[in-house]
Structures are given as C-alpha cells and as structure tokens.
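Working through the structure, step by step
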Amino acid sequence: MLDVCLLGTGGMMPLPRRALTALMTRHNGSSLLIDCGEGTQVSIREQGWSFHPIDVICITHFHGDHISGLPGLLLSMGNAERTEPITIIGPKGLKKVVQSLLVIAQGIPFKIKYLEIETEYEEFFIQNYHISAFKVNHNVVCYGYTIEILRSGKFDVEKARENGVPMKAWSPLQKADSFTLDGIEYTSDLVLGPPRKGIKVTYCTDSRPTDAIVQNARGADLFICEGMYGEKEKTESAREKKHMTFLEAAGLAARADVGEMWLTHYSPSLIRPEVYMKDVRKIFPRTVPGKDRMYRELKFEEACQKEEDAYAYAEKADQAGKESR
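Keep in mind it's a predicted model, so treat the numbers as computed, not measured. (Residues numbered from 1 in each chain as written. Predicted model: local features only at pLDDT ≥ 70, side-chain atom pairs only at ≥ 80, totals over all residues. Heavy atoms only, no water.)

1. Digging into the overall build of the protein
Counting its secondary structure elements, the protein contains 11 helices and 16 strands. In the protein, which comprises 325 residues, the proportion classed as buried is 49%. The contacts in the protein between residues at least 6 apart in sequence include a share of 65% that link residues at least 24 apart. Element-wise, carbon and sulfur atoms account for 51% of the exposed surface of the protein, whose accessible area totals about 16,100 Å². If the 41 positive side-chain charges of the protein are averaged to one point and the 44 negative ones to another, these points end up 3 Å apart. (Helix = DSSP H or I, 4+ residues; strand = E, 2+ residues; numbered from the N terminus. Buried < 20%, exposed > 50% of the residue type's maximum accessible area, 1.4 Å probe, protein only. Contact = heavy atoms within 4.5 Å. Areas by Shrake-Rupley, 256 points an atom, 1.4 Å probe, with all protein chains shown as cover. Lys, Arg positive; Asp, Glu negative; His and termini not counted. Charge placed at Lys NZ, Arg CZ, Asp CG, Glu CD.)

Below you can see the structure in the form of structure tokens.
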C-alpha cells in the first residue's frame, strides 16, 4: 500500500488557498517528498501527517517554488528530535545549492546524504522505494520522478522442493535475495514465482511534452503532471516558458496509458481549473484537476480485487434481502 498526497498545486508563487507544488508518499513507515516549495511543511501539518519520518527528498530542479521550503522543513525535522540521516536526490550541483540554503538553518542534528543526478536517467533503491529520475525539457536542468513499490513473487512450495532448497531456508528466502545454510548459498528465485504487479506513481512538473515522460510514466497507477495553463490560447506561452497546457498533459497520459492523471502546478492566473475538464477528458477521460492535499491510498492488485469482490457480494446480499421482503 502507498499513501499519496498532493500537498500543493501552485506554480511560481503561493496563493492564499493554493500552496506551491509538492508531493508526499508514505509506505511501510517511511515517507518520501518530491519538491519542497515555500510552505510545504504547513501543508504537511494541515494534512495531519508528520514530517519526522521523511527519509527521502527528491528535488526536480533549482527554481525557488520547488526548493525554497527546504531550510524550514529540515530545521523543523531537527527540532522534532530526528537524528536519522536523510537522503536528498536532485540535479548536479544539489549539495552546493542545499548547503547555501541551510545557512539560515544552522545546527541540523542529522546527516544529509546527497545523490546528484548527472545523466539523463538514473535509478535509486532507498527504503523500499525504487526511484527512477528522468530528464525533462525545461529552461534549466529538471527531472521527473517515478516512484515504484516493487513486489516479489509468491512463495512456491513445489518449486522450492524441486530445487532442493531445505525448509530452514524457505522463510529467509522470502525476505532476502539469498541465504547461506551449511555453507551453501541459496537464492530467492529458487523458491519464488514471477514478480507480482507493484504500485507505480510518476510525477512531472516544469517541462514541455517529451517522449521520456511517456516512457517513464507508462502503465503508472497514478500520473501527476503539470498543467500550467488550461486555456488553449496560452499554448504559445507554454512553449516559450517550457511548460505544458492541460491538453498537452492529457496527450501524454493517453500515450502512456496510465490509470489516472492529476493535474498540478497551475499558473497563478488560473483560478478554476475544473472548467477546462470537458475538452481535456476527450483526450484522457481519467483526468482529475488536482487540489491541495488531494489524497489517495494506492493498493496492491490483490487487495483491490478483494475489495471489489466484497463490494459485489454486499450488493448481491442487499439485493437478495430486498427481494425477500
């Protein structure tokens, strides 16, 4: 299960009822944040979540509306007695930029590990998160991120027996890639079936449409994409400023065949994004205009199927009760 919250949906500047764009996820006791504009920690508090368990922060690029909230957030985490190290991922030059910001946040009581992205695509495995960073097309170096919760295959008793794996190794091999028993190393592929479908979320702001976005978002359960402008007449402005319109974002979602798309990173002049949904949904029907603190609990495939079956059973039982009356 992965909890996802769109903490803010604004681009360029915060507004009274619209925080700057940031995304937070929670999985298995560990939280991840993508971007940290001014006021991000306020949105976390308003959502009722804690910033203490944030282990990873991914920065898309070094514009103020995506990183200016970092000193305050890290200082608050320190004041909340966090001592565990935190990992920050971002474009080349990340360490220099963050350390410059932290001049106003002295005395943070935990270590910061910096992972700087130097190529067009890089992968990271941190705290059960599989993070893919891919370069997009903005007027400064900028990356989108795909967050995946991968799942191994189910334990297969017959396969384990056929491969001669001792029973004492069965349980350890369901938790680790390999296990050594009596001097013999056994690997998990000897006891597990094929990998099961996990959970995938792709996040992209501040970019023109690119094939890289489609490739990395393909099949995502949730695609969170910038829509700076809803108005068709602002397409040329989007091109000049290296941003996207709602219609362009919908085109990417359709090509990537995602489960659902949330729009975000609105221009300050865009007051009511919902009025543009009719044309957008002609391109991609499962589009939702993002709102601050929009929340979704993404579940693994089997859990979703069980819920659907339970709902169908309850409906059938209810209908049978009405007919008996």
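From this point, the narrative continues.
2. Concerning the pairing of strand β5 (residues 86-91)
With six of its six residues buried, β5 lies for the most part within the structure. Relative to β5, strand β4 (residues 54-58) runs parallel, the two being bridged by three bridges. Bridged to C58 within β5 is I89. Examined bridge by bridge, β5 and strand β6 (residues 112-117) share six bridges and lie parallel to one another. Its bridge partner being in β6, I88 is matched across the sheet by Y114. Taken together, β5, helix α4 (residues 94-101) and β6 form a β-α-β motif whose crossover is right-handed. (Pairing = 2+ DSSP bridges. Right-handed = clockwise from strand over helix to strand, strands pointing away.)

3. Let's talk about the nonpolar core
Nonpolar side chains in soluble globular proteins generally cluster together in the buried interior. If you look at the biggest cluster of nonpolar residues, it comprises 29 residues, and the most contacted ones within it are V4, I89, I131, Y145 and I224. By residue number, the principal contributor to this core is strand β9 (residues 143-151), which donates four residues. Counting 26 residues, the second largest nonpolar core, distinct from the first, contains M24, I57, L70 and V98. (Core = buried A, V, L, I, M, F, W, Y, C linked by side-chain atoms within 4.5 Å.)

4. Some remarks on the packing of aromatic side chains
Scanning all chains against the criterion turns up four aromatic pairs. On the basis of an interplanar angle of 55° and a centroid distance of 5.9 Å, the ring pair of F246 and Y266 is categorised as tilted. Taken together, the positions of F246 in helix α9 (residues 246-256) and Y266 in the loop between β14 (261-264) and α10 (277-283) put the pair 20 residues apart, joining distant regions of the chain. Their ring planes at 90° and their centres at 6.0 Å tell us that F246 and Y276 sit as a pair that is edge-to-face. Taken together, the residues F246 in helix α9 and Y276 in the loop between β14 and α10 connect sequence positions 30 residues apart. The exposure class assigned to F246 is buried, which follows from its relative accessible area of 0%. Here a set of aromatic residues connected by ring pairs shows up, and it is made of F246, Y266 and Y276. (Phe/Tyr/Trp six-rings, centres within 6.5 Å; stacked < 30°, edge-to-face > 60°.)

5. Points about the pattern of salt bridges
Taken as a whole, this structure holds 14 salt bridges when the rule is applied. Where E158 meets R161, a salt bridge forms, and the shortest distance between an N and an O atom there is 3.7 Å. Placement of the pair is E158 and R161 together in helix α5 (residues 157-162), with a separation of three residues, close to one helical turn. A salt bridge links R239 to E236; the nearest nitrogen and oxygen atoms lie 3.0 Å apart. You can see R239 and its partner E236 sitting in helix α8 (residues 235-241), three residues apart, about one turn around the helix. The exposure class assigned to E236 is partly exposed, which follows from its relative accessible area of 43%. Each of the salt bridges in this network shares a partner with another, and the network as a whole consists of K232, D279 and K282. (Salt bridge = Lys/Arg side-chain N within 4 Å of Asp/Glu carboxyl O.)

6. Focus: the sheet that holds strand β1 (residues 2-8)
Strand pairing in a sheet takes place through backbone hydrogen bonds and is either antiparallel or parallel in direction. The strand order β6-β5-β4-β3-β2-β1-β16 describes an open sheet built from seven strands, whose pairing is mixed. Of all the strands in the sheet, just β6 and β16 (294-298) have a single pairing partner and so form its edges. Taking each pair of neighbouring strands and ignoring which way they run, the sheet shows an average axis angle of 15°. With four bridges joining them, strand β3 (residues 30-34) and β4 adopt parallel strand pairing. (Axes fitted to C-alpha atoms, helices over the stretch in contact; angles between N-to-C directions.)

7. Regarding the confidence of the model for the protein
Per-residue confidence for the protein gives a mean pLDDT of 90; residues scoring 70 or more make up 93%. Mean pLDDT across the elements of the protein bottoms out in helix α11 (residues 301-324) (49) and peaks in β6 (98). For residues 304-314, every residue scores under 50 in pLDDT, and the model assigns this stretch two contacts once sequence neighbours within four places are set aside. Per-residue pLDDT stays below 50 along residues 320-325; that stretch engages in zero contacts with residues further than four places along the chain or on separate chains. (pLDDT = per-residue confidence, 0-100.)

8. With respect to the side chain of E260
Mapped onto the secondary structure, E260 falls in the loop between α9 and β14. By relative accessible area, which is 15% here, E260 ends up buried. Residues within four places of E260 in sequence aside, it is in contact with D221, L222, F223, F284, R286, V288 and R296.

9. So, the sheet that holds strand β12 (residues 196-204)
Read across the sheet, seven strands follow the order β7-β8-β9-β12-β13-β14-β15 without closing on themselves; strand pairing throughout is mixed. Across the chains shown, the open sheet's two edge strands, defined by having one partner strand only, are β7 (121-126) and β15 (287-289). Along the sheet, successive strands turn relative to each other by an average axial angle of 20°, direction set aside. Note that β7 and strand β8 (residues 129-135) share six bridges and pair antiparallel. Paired with Y121 across the two strands is F134, which belongs to β8. Taken strand by strand, α9 contacts β13 (222-226) and β14, and its axis lies near 150° from that of β13.

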